[in-house]
Amino acid sequence: MSAVSEPPVSKAPSAAVLAAVVAVLTLVAAAGGWFLGAQLGLAPPASKERPVAGELAAEAAPAGNVVVLKPILTNVKVPQDVWIRLEAGLVIAPGAQVSDELSTAVAADFMAFLRTVNLMQLRGPAGLEYLRMDLKERARMRTDGVVTNVYIWALVME
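Residues numbered from 1 in each chain as written. Predicted model: local features only at pLDDT ≥ 70, side-chain atom pairs only at ≥ 80, totals over all residues. Heavy atoms only, no water.

Q: Hey, could you go over the packing of helix 3 (residues 100-114) against helix 4 (residues 124-142) for me, with residue numbers and the actual values?
A: Their axes nearest at 10 Å, the elements helix 3 and helix 4 cross at an angle of 140°. By the angle class used here, helix 3 and helix 4 are oblique. Seen from above, helix 3 lies across helix 4 with right-handed handedness. In contact with L102, A105, V106, D109, F110, F113 and L114 of helix 3, helix 4 contributes L131, D134, L135, R138, A139 and R142. (Axes fitted to C-alpha atoms, helices over the stretch in contact; angles between N-to-C directions. Helix = DSSP H or I, 4+ residues; strand = E, 2+ residues; numbered from the N terminus. Parallel < 35°, antiparallel > 145°, perpendicular 65-115°, else oblique. Left-handed = near helix turned anticlockwise from the far one by under 90°. Contact = heavy atoms within 4.5 Å.)

Q: Any chance you could break down helix 1 (residues 15-40) for me, citing the residues and the numbers?
A: End to end, helix 1 covers 38 Å across 26 residues, agreeing with the expected 38 Å (1.5 Å per residue, within 8%). Positive backbone phi, at 75°, marks G41, one or two positions downstream of helix 1. (Expected span 1.5 Å × (residues − 1).)

Q: So what's going on with a nonpolar patch on the surface? Which residues, and what values?
A: On the surface, V17, V21 and L25 cluster together to form a nonpolar patch covering roughly 270 Å² of accessible area. Here L25 is to be found in helix 1. (Patch = residues over 30% accessible without salt bridge, like charges linked within 9 Å, V, L, I, M, F, W, Y side chains within 5 Å. Areas by Shrake-Rupley, 256 points an atom, 1.4 Å probe, with all protein chains shown as cover. Salt bridge = Lys/Arg side-chain N within 4 Å of Asp/Glu carboxyl O.)

Q: Report on the nonpolar core, specifying residues and quantitative values.
A: Within the largest apolar cluster, 24 residues are counted, with the highest numbers of intra-cluster contacts made by L86, L90, F110, L114, L135, A139 and V150. Going through the elements one at a time, strand 3 (83-92), helix 3, helix 4 and strand 4 (147-157) are the ones with two or more residues in this core. (Core = buried A, V, L, I, M, F, W, Y, C linked by side-chain atoms within 4.5 Å. Buried < 20%, exposed > 50% of the residue type's maximum accessible area, 1.4 Å probe, protein only.)

Q: Break down the pattern of salt bridges for me, citing the residues and quoting the values.
A: Considering all chains together, one arrives at 4 salt bridges under this definition. One salt bridge connects E87 with R85, and the closest N-O pair in it is separated by 2.9 Å. On the accessibility criterion, E87 (28% relative accessible area) is partly exposed. Given the relative accessible area of 36%, R85 is considered partly exposed. Residue R132 pairs with E129 through a salt bridge whose shortest N-O separation is 2.7 Å. With R132 and E129 both in helix 4 and 3 residues apart, the pair spans about one turn of that helix. Judged by its relative accessible area of 34%, E129 is partly exposed.

Q: Explain unusual backbone geometry residue by residue, including any values.
A: Each neighbour pair has its own omega, and for V78 with P79 the value is -15°, a cis peptide bond. Note on placement: P79 falls in the loop between strand 2 (72-75) and strand 3. We note that D144 has phi near 55°; this positive angle belongs to a residue other than glycine. Of note, D144 is situated in the loop between helix 4 and strand 4.

Encoded structure:
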């Protein structure tokens, strides 16, 4: 009689053992995160009061009246086949008034300035900031310092 020996069959770990290993590793990771957070001092401040949403909006609000200009549509100097649309507003000093004729003159001044702009000057955030500063300076000169700021809501180039 010949005895046939079969290789031993290994059993796969059960689902209960796998769940226990995952639970232990999760607890170790959570404890390590808590310890590291405590060592780095990342605990949230307990005594500081958070500002209310209305207070945040009041800080961001302009000090003065906002005059919305009609959209300005013109082409730029280089390349001439590129059109630009600017939607902007002027912040007027508190207590000051700007007539419709003066705001129209400021918008015409903005359009004249945009016709002298090279498209490469408007690239990136720095270009947009330089444009806003140039428009602000032009508006201040045109209104004898009544305009305190210029908002650019939309700038589209095609």
